[in-house]
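A closer look at the structure
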Amino acid sequence: ADSPQEEATAPECRVRSTWIENEDGERIVSSFQGELCRACIEVEFLAEVDYPVFGVTFRNDVRHVIFVATSASHGPPGAFGAGERAVVRLSFVNWLAPSRYALTPAVTTWDPDHRVVDQREDLASLIVEAPRRTGGATDLPTELEITRL
């Protein structure tokens, strides 16, 4: 019988690589604010995982978590079997403040305990460029209205 220790050390899934793509599907190392970006993760399943959750955590240059691109809000993607490989793409409009971001991809589960199946600390990076610094962690678009009284 398998001991719990053996089970814990046998990986169910391996994150092979992570990168950022632009709207045209080209891999990029820097992005301007307002551009569409895709956080991409290539994964390989070594055992069946019923409901994986894919995510990429963006940490800025002072190591604060600023944004997590995650499949969690898109519902369960279905089961993946041993030997299956997939590329997961999470698209977002880049309103991150200018900084260098370290990207940590992870695969977790929908279990009540949200087990981490695999995580690769700072596997990739993205430099965000903007015309000015506001001092915020993100620079969400705003509309201005001034009413003179």
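Everything numeric in this text was worked out from a predicted model, so none of it was measured. (Residues numbered from 1 in each chain as written. Predicted model: local features only at pLDDT ≥ 70, side-chain atom pairs only at ≥ 80, totals over all residues. Heavy atoms only, no water.)

**Some thoughts on the confidence of the model for the protein**
Interpretation of this model should avoid reading the predicted coordinates in detail wherever pLDDT is low. Let me state the cut-off plainly: Residue-level confidence of the predictor is summarised by pLDDT, bounded by 0 at the bottom and 100 at the top. Here a residue-residue contact requires only that any non-hydrogen atoms of the pair lie within 4.5 Å.
Across the protein, pLDDT averages 91, with 93% of residues at or above 70. Below a pLDDT of 50 lies the segment residues 3-7, which in the model reaches zero contacts outside its immediate sequence neighbourhood of four places, other chains included.

**What to know about unusual backbone geometry**
As a reminder of what qualifies: Only DSSP runs of H or I covering at least 4 residues are called helices, and only runs of E covering at least 2 are called strands; the numbering of each starts at the N terminus.
The backbone of R63 shows a phi angle near 70°, a positive value even though the residue is not glycine. If you trace the backbone, R63 turns up in the loop between strand 5 (52-59) and strand 6 (65-70). A positive phi is found at D122, a non-glycine position, where the angle reads about 50°. Looking at the secondary structure, you find D122 in the loop between strand 9 (116-119) and strand 10 (124-129).

**Overview of the side chain of D139**
For clarity, the threshold we go by: For each residue, the accessible area found with a 1.4 Å probe, counting protein chains only, is set against the maximum for its type, and the residue is called buried under 20%, exposed over 50%, and partly exposed in between. Counted as positive: Lys and Arg. Counted as negative: Asp and Glu, with His and the chain ends omitted from the count. The term salt bridge refers to a side-chain nitrogen of Lys or Arg lying within 4 Å of a carboxyl oxygen of Asp or Glu. Between N or O atoms, a polar contact is any pair within 3.5 Å; within protein, one atom must be a potential hydrogen donor and the other a potential acceptor, and residues adjacent in sequence are included only when both atoms are from side chains.
In this fold, D139 is placed in the segment after strand 10. Look at D139: it is buried, it has no salt bridge, and the nearest opposite charge is R133 at 7.8 Å. A polar contact of 2.5 Å, which involves the side chain of D139, links it to the side chain of T134. With sequence-adjacent residues up to four places away left out, D139 is seen in contact with Q33, W95, L96, A97, P98 and T134.

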